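Per-entry structural report
Residue-level listing of the chains:
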Amino acid sequence: MENVAAPVAVEAVELIRIHLPLVAPFRTSFGTETRRDVLLVHVLAGDTEGWGECVAMQEPLYSSEYVAAAQRVVMDHLLPRLLAEPVTAQQVARVLEPVRGHRMAKAALEAAWLDAQLRRENRSFAQALGAVRDRVPSGVSVGIMASIPELLDAVAGYREQGYVRIKLKIEPGWDVEPVRAVRERFGDIPLQVDANTAYTLDDAQHLARLDEFGLLLIEQPLPEEQVLAHAKLARTVRTPICLDESIVSAVVAAEAIEMQACSIVNIKPGRAGGYLEATRIHDLCVDRGVAVWCGGMLETGIGRAANLALAALPGFTLPGDTSASDRYFREDVTAPFVLARDGTIAVPTGAGIGVEVRRDVIDGLATSTETVRPG
Ligand code: OSB
Ligand code: MG
């Protein structure tokens, strides 16, 4: 993205925490989510405004970040730096660079600055990031269930709605049998699994048992820090290895690819520190012939809108976890994203994130609001 924009002259930043129940519990190897406790960033800048969503979850189980800590680091360490003088969205990461880690918190701020800047320029996220499609095929991530019949019912429901790819969450004790059952019932559908770091390299032979099912990929079988172990695993297992948790930056992505730790990358802007870094990961993966897809963190419509724009870039050749609003929430904080019968979702075309933000819904769900002003 060219850096020709004028800085965003911030008057106030609102940090709004909202509580959103999920339509159904979502169980992964790291825990069971029944609701989202989301930190929204709202930047007010005179002629424009911007929204960003922090994807950090309630507890530090997927990564070390969690929503209360994200809010604290935003208040105490990030906003004081970001409000010292007006900056463009492209300068946000550099200004926040002295603060180590906290990428989800940084990503939410950068997204809000980018939204404000793009609304002012009347450009969409899709245009700014380099989207080449106006609709994106969508997959769905299916949690660990209490029984195989319940899993088959859930998958059948998503298939009827049109989702073009199914991802099953797995963990030791819930892997080969559920995958076998889904293959037997639904045949040769696009199918993949996500372990959220639940295995060790000692499980290599066990994970190779998944090879017979022709999965698109196995996502993050081993711990976040164990990139080299994934390279070793990739020599035992024929199913392509995809990294999620490990890919915290473009530098790590480049090294993981060079190590042959993965042949596919899940890109999540929050995990990687923002949409601009996510775009750099996309570009380097395209350069090295590595397929990418857009991951999800159970986002509200605010994060979802921007994810759909990202997923419309040319390198996103696999369907993402970019499901419709009703897969997660009864009521979304934006105009809802709807899955078409062909399994695609429209990429927003309006300025910035390009979708109507429902302030009345946000206010109704808010559990706290803090306002910060420069100076
Ligand atoms: O590992 O991809 C993951 C949700 C929360 C945290 C981590 C993950 C997920 C999902 C759901 O798999 C993706 C989505 O539908 O948003
Ligand atoms: Mg994952």
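Before reading on, note that the structure itself is shown above.
Treat the numbers as computed from the prediction; the structure is a model and nothing was measured.

What follows is about the coordination of the magnesium ion (ligand 2). The coordination sphere of the magnesium ion (ligand 2), as far as protein atoms go, consists of D194 (OD), E219 (OE) and D244 (OD), spread over 2.1 to 2.3 Å. Of note, the magnesium ion (ligand 2) draws all its donor residues from one chain, in the sequence arrangement D-x24-E-x24-D. With D194 in strand β7 (residues 191-194) and D244 in the loop between β9 (241-243) and α9 (250-258), this residue pair connects regions lying 50 residues apart in the sequence. Of the two residues, D194 and D244, both sit in the buried class.

The subject of this paragraph is the site of ligand 1. As a matter of local geometry, ligand 1 sits amid 17 residues, with S141, K169, N196, L298 and Y328 nearest to it. With respect to ligand 1, the side chain of K169 contributes an N or O atom lying 2.9 Å from an oxygen atom. Take N196: an N or O atom from its side chain is 2.7 Å from an oxygen atom of ligand 1. When ligand 1 is considered free in solution it has 390 Å² of accessible area, and contact with the protein chains removes 100% of it. Placement of ligand 1 is best described as lying within the largest cavity. Per-class residue counts for the shell around ligand 1 are seven nonpolar, three polar and seven charged. Both domain 1 (12-122 + 358-372) and domain 2 (127-346) contribute no fewer than three residues apiece to the shell around ligand 1.

Calculation criteria
- Residues numbered from 1 in each chain as written.
- Chains lettered and ligands numbered in written order.
- Predicted model: local features only at pLDDT ≥ 70, side-chain atom pairs only at ≥ 80, totals over all residues.
- Heavy atoms only, no water.
- Donors = N, O, S within 2.8 Å, 3.2 Å for Na, K, Ca; no water.
- Helix = DSSP H or I, 4+ residues; strand = E, 2+ residues; numbered from the N terminus.
- Buried < 20%, exposed > 50% of the residue type's maximum accessible area, 1.4 Å probe, protein only.
- Near = heavy atom within 4 Å.
- Polar contact = N/O pair within 3.5 Å; in protein donor to acceptor, adjacent residues only side chain to side chain.
- Areas by Shrake-Rupley, 256 points an atom, 1.4 Å probe, with all protein chains shown as cover.
- 1 Å grid on protein atoms, 1.4 Å probe; cavity = no way out; pocket = protein on both sides within 12 Å on 5 of 7 lines; lining within 4 Å.
- Sits in = over half its atoms within 2 Å of the grid points.
- Nonpolar A, V, L, I, M, F, W, Y, C, P; charged D, E, K, R; others polar.
- Domains from an automatic or database assignment.

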